[in-house]
Amino acid sequence: MEITNVMEYEKIAKEKLPKMVYDYYASGAEDQWTLQENRNAFSRILFRPRILIDVSKIDVSTTVLGFNISMPIMVAPTAMQKMAHPDGELATARATSAAGTIMTLSSWATCSVEEVASTGPGIRFFQLYVYKDRNVVRQLVKRAEEAGFKAIALTVDTPRLGRRESDIKNRFALPRGLTLKNFEGLDLGKIDKTNDSGLASYVAGQVDQSLSWKDIKWLQSITSLPILVKGVITAEDARIAVEYGAAGIIVSNHGARQLDYVPATIMALEEVVKAVEGRLPVFLDGGVRRGTDVFKALALGASGVFVGRPSLFSLAANGEAGVRKMLQMLRDEFELTMALSGCRSLREITRNHIKTDWDFPHYLPAKL
């Protein structure tokens, strides 16, 4: 079958993957309302394209934290990628490097920071949870630094794991032969089957539920890497992140896997952007499946987007080649959206290029 859009990879992944693995990647928390809303909210934003502009040359390149990348589309951290494909995170690393963009490696990867670094050059960020044992955090951060990672994406919305009922039903556990490679030697890399989700038991025992804003200062004291705060969806928290010296904010609801009935990230984005007043870059994570979604996020003030599930599903479907094609399709769609909107560079994408149902509440029907 000729793949023509990113959504088609999910159907292939569902056919290829064991039910437990597909459900782990695909599901959200509780009623999964936010999971659906992360997608649906994009349909409530319409374009106001400008015409008769010379779009014969279009530049989609940008910079993130001073690093030049080919497009404002990056790869979000997603756990345990060897469940999707034997090459796991190594395939994703090679594909993102070939695409000239950034990969964020999950703490809970099935390949280590050293293994990912061994795939060759590339701009990579390391996603971090803070554990009760701060020595573990120090070791992880030090290893990421030594492996050439360029930033820390600190996940802040997971003091406890959200209730993912598919994982509970499936008694989710890492398949035999796979481990959380970054924890090997730290006596944390094994997840056993339990009556609940095995992962929930693991997280409950290790992640520090007392994590607070002061710990960002502590993290800054142990690393020179810039720290992105991932999981901000309110203006109040965005302003505090600025005060505490965050290098950037990732507007994220953890792929709708934590607290259900929070807004879609594209709905929360503008509130956060306005609150930071240009003092640091804001990125969007959640629900991006089309180049049009990328444009809408940038029009609302994002400096770039991160894609999560599309990476996993394209990896499951066709390994490294799948991830490459997924990124290329998003890039091509985004460039086309720019051309048809009359934008030649990212600087030219403005709030005036879109209208939303919260701008004109009677303009759009309740459901498209």
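The structure under discussion appears in the preceding block.
Nothing here was measured: the structure is a model prediction, and the numbers come from that model. (Residues numbered from 1 in each chain as written. Predicted model: local features only at pLDDT ≥ 70, side-chain atom pairs only at ≥ 80, totals over all residues. Heavy atoms only, no water.)

## Here we look at the pairing of strand S7 (residues 151-155)
So, point 1. Counting buried residues in S7 gives five out of five residues, a clear majority hidden from the surface.
So, point 2. Burial of the side chains of S7 extends over both faces: Ala151, Ala153 and Thr155 are buried on one face and Ile152 and Leu154 on the other.
So, point 3. As defined by bridge partners, strand S6 (residues 123-128) adjoins S7 across four bridges and the pair is classed as parallel. Across the sheet, leucine 128 pairs through a bridge with leucine 154, a residue of S7.
So, point 4. The β-α-β motif built from S6, the intervening helix H6 (residues 134-146) and the parallel element S7 has right-handed crossover chirality. (Buried < 20%, exposed > 50% of the residue type's maximum accessible area, 1.4 Å probe, protein only. Helix = DSSP H or I, 4+ residues; strand = E, 2+ residues; numbered from the N terminus. Pairing = 2+ DSSP bridges. Right-handed = clockwise from strand over helix to strand, strands pointing away.)

## Here we look at the pattern of salt bridges
So, point 1. For the coordinates displayed, the defined rule picks out 18 salt bridges.
So, point 2. The salt bridge partner of aspartate 23 is lysine 19, with a shortest N-O separation of 2.6 Å. With aspartate 23 and lysine 19 both in helix H2 (residues 19-26) and four residues apart, this pair spans about one turn of that helix.
So, point 3. Judged by its relative accessible area of 12%, aspartate 23 is buried.
So, point 4. Residue class for lysine 19 comes out exposed when judged on its relative accessible area of 57%.
So, point 5. For glutamate 37, the salt bridge identified is with arginine 44, shortest N-O distance 2.4 Å. Both residues of the pair, glutamate 37 and arginine 44, belong to the buried class.
So, point 6. Here the residues in one salt-bridge network are Asp87, Arg94, Glu320 and Arg324, joined through shared partners. (Salt bridge = Lys/Arg side-chain N within 4 Å of Asp/Glu carboxyl O.)

## Considerations on the packing of helix H1 (residues 8-16) against helix H13 (residues 309-341)
A pair of packed helices is characterised by two quantities: the angle between their axes and the separation of those axes.
So, point 1. Contact geometry for H1 and H13: axes closest at 10 Å, N-to-C directions at 170°. Considered as vectors, H1 and H13 are oriented roughly antiparallel to each other. Side by side, H1 and H13 meet where Tyr9, Glu10, Ile12, Ala13 and Lys16 of the first sit next to Phe313, Ser314, Ala316, Ala317, Gly322, Lys325, Met326 and Met329 of the second.
So, point 2. In terms of residue class, the contact of H1 with H13 is made up of eight nonpolar, two polar and three charged. (Axes fitted to C-alpha atoms, helices over the stretch in contact; angles between N-to-C directions. Parallel < 35°, antiparallel > 145°, perpendicular 65-115°, else oblique. Contact = heavy atoms within 4.5 Å. Nonpolar A, V, L, I, M, F, W, Y, C, P; charged D, E, K, R; others polar.)

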